[in-house]
Amino acid sequence: MHPKVNLIPAEEAHLEQLVRLAECSFPDPWSAGVFRQTMHSPASMLWCAMDGEIVVGYLAISRTGDDMSVDELAVHPDYRRQGIAGMLLETAHRRFPDSHFFLEVRQSNASAIALYDSLGYAPVGFRKRFYQNPEEGAVLMQRKCHTNPPHADPSSDFGGAVSEPVGSPQ
Ligand SMILES: CC(C)(COP(=O)(O)OP(=O)(O)OC[C@H]1O[C@@H](n2cnc3c(N)ncnc32)[C@H](O)[C@@H]1OP(=O)(O)O)[C@@H](O)C(=O)NCCC(=O)NCCS
């Protein structure tokens with residue numbers, strides 16, 4: 001576990017670093033415009049994992065009805081396998097304990113599928129030719145919530161600051 005990493009809501013000042021991180025993580029990276037739109041959408045949440053002033057990871061989630069969608073997740077290559085993606089996702093799960101989480105992942109992305117599997121996600125579907133550049137199918141994965149309805153208040157604390165060391169108690 002990386003001892004120095006904190007989670008904070010993304011801000012305009014992080015845009016350049018977010019774009020660079022996306023570019024070194026995905027063949028079809030988000031543009032600055034998509035990051036900005038996500039940052040300012042009331043239905044979305046974009047968190048940065050920070051090592052000091054350096055953005056070393058990010059997670060974007062959004063509400064779709066009663067469920068949460070994991071829209072984008074990346075960790076800088078130099079910081080991988082230190083629990084940072086797990087920390088980002090577990091923070092989201094704790095923030096929305098009454099929601100099911102869904103995501104799509106490239107079928108060849110074994111490391112991400114292993115990560116999601118380790119956090120309780122299971123495959124629930126497959127979407128042919130979901131991705132371009134290169135064209136590839138998507139595995140649809142779901143993590144069921146462990147509580148009963150009623151669902152969390154959709155107007156709850158999107159955008160709230162989160163600051164915790166990696167590996168702190170749940
Ligand atoms: C997928 C990604 C976000 C994982 O980030 P990370 O911070 O390295 O993940 P973590 O350290 O939290 O990994 C937690 C667990 O996931 C699994 N895992 C993560 N990376 C793995 C890999 N390369 N191979 C096998 N298992 C892996 C392991 O079970 C790991 O636990 P362990 O290290 O104790 O064995 C990162 O590799 C990445 O940014 N990849 C490029 C972008 C991407 O594919 N994003 C996901 C799109 S759906």
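Every chain begins its residue count from 1, and numbering advances along the sequence as written. Side-chain atom pairs in this predicted model are given and counted only at pLDDT of 80 or more, local residue features only at pLDDT of at least 70, and totals for whole chains, interfaces and linings cover all residues.

Read from one edge of the open sheet, seven strands run β1-β2-β3-β4-β5-β7-β6, paired in mixed fashion. Since the sheet does not close on itself, it has two edges, and those belong to β1 (6-9) and β6 (122-131), each with one partner. Neighbour-to-neighbour, the strand axes of the sheet open up by a mean angle of 25 degrees, direction not taken into account. Pairing of β1 with strand β2 (residues 44-51), which is carried by four bridges, proceeds in the antiparallel orientation. Pairing of I8 across the sheet is with C48, part of β2. Working definition of a contact: two residues with C-beta atoms, positioned from the backbone, lying within 7 Å. Lines fitted to C-alpha atoms define the axes here, with helix axes fitted over just the stretch in contact, and angles between the N-to-C directions of these axes take values from 0 to 180 degrees. Think of it this way: any DSSP run of H or I at least four residues long counts as a helix, any run of E at least two long counts as a strand, and we number them from the N terminus. Across the sheet, helix α1 (residues 15-23) touches β3 (54-64) and β4 (67-75), and the angle it forms with β3 is around 85 degrees. Here a strand pair is declared whenever DSSP counts at least two bridges between the two strands.

Let us now look at the environment of S108. Following the sequence through the fold, S108 ends up in the loop between β5 (101-106) and α4 (110-118). Look at S108 and you get exposed, because 12 C-beta atoms sit within 10 Å. Put simply, S108 and A138 are 30 residues apart on the chain and 8.8 Å apart in space, counted from C-alpha to C-alpha. Residue burial here comes from a neighbour count, namely the number of other C-beta atoms, placed from the backbone, that lie within 10 Å of the residue's own C-beta, with 20 or more meaning buried, 12 or fewer meaning exposed, and in between meaning partly exposed.

The predictor reports its confidence for every residue as pLDDT, a score running from 0 up to 100. With 85% of its residues at a pLDDT of at least 70, the protein chain reaches an overall mean of 88. Throughout residues 150-170 the model reports pLDDT below 50, and contacts reaching past four residues in sequence, or to other chains, amount to 35 contacts.

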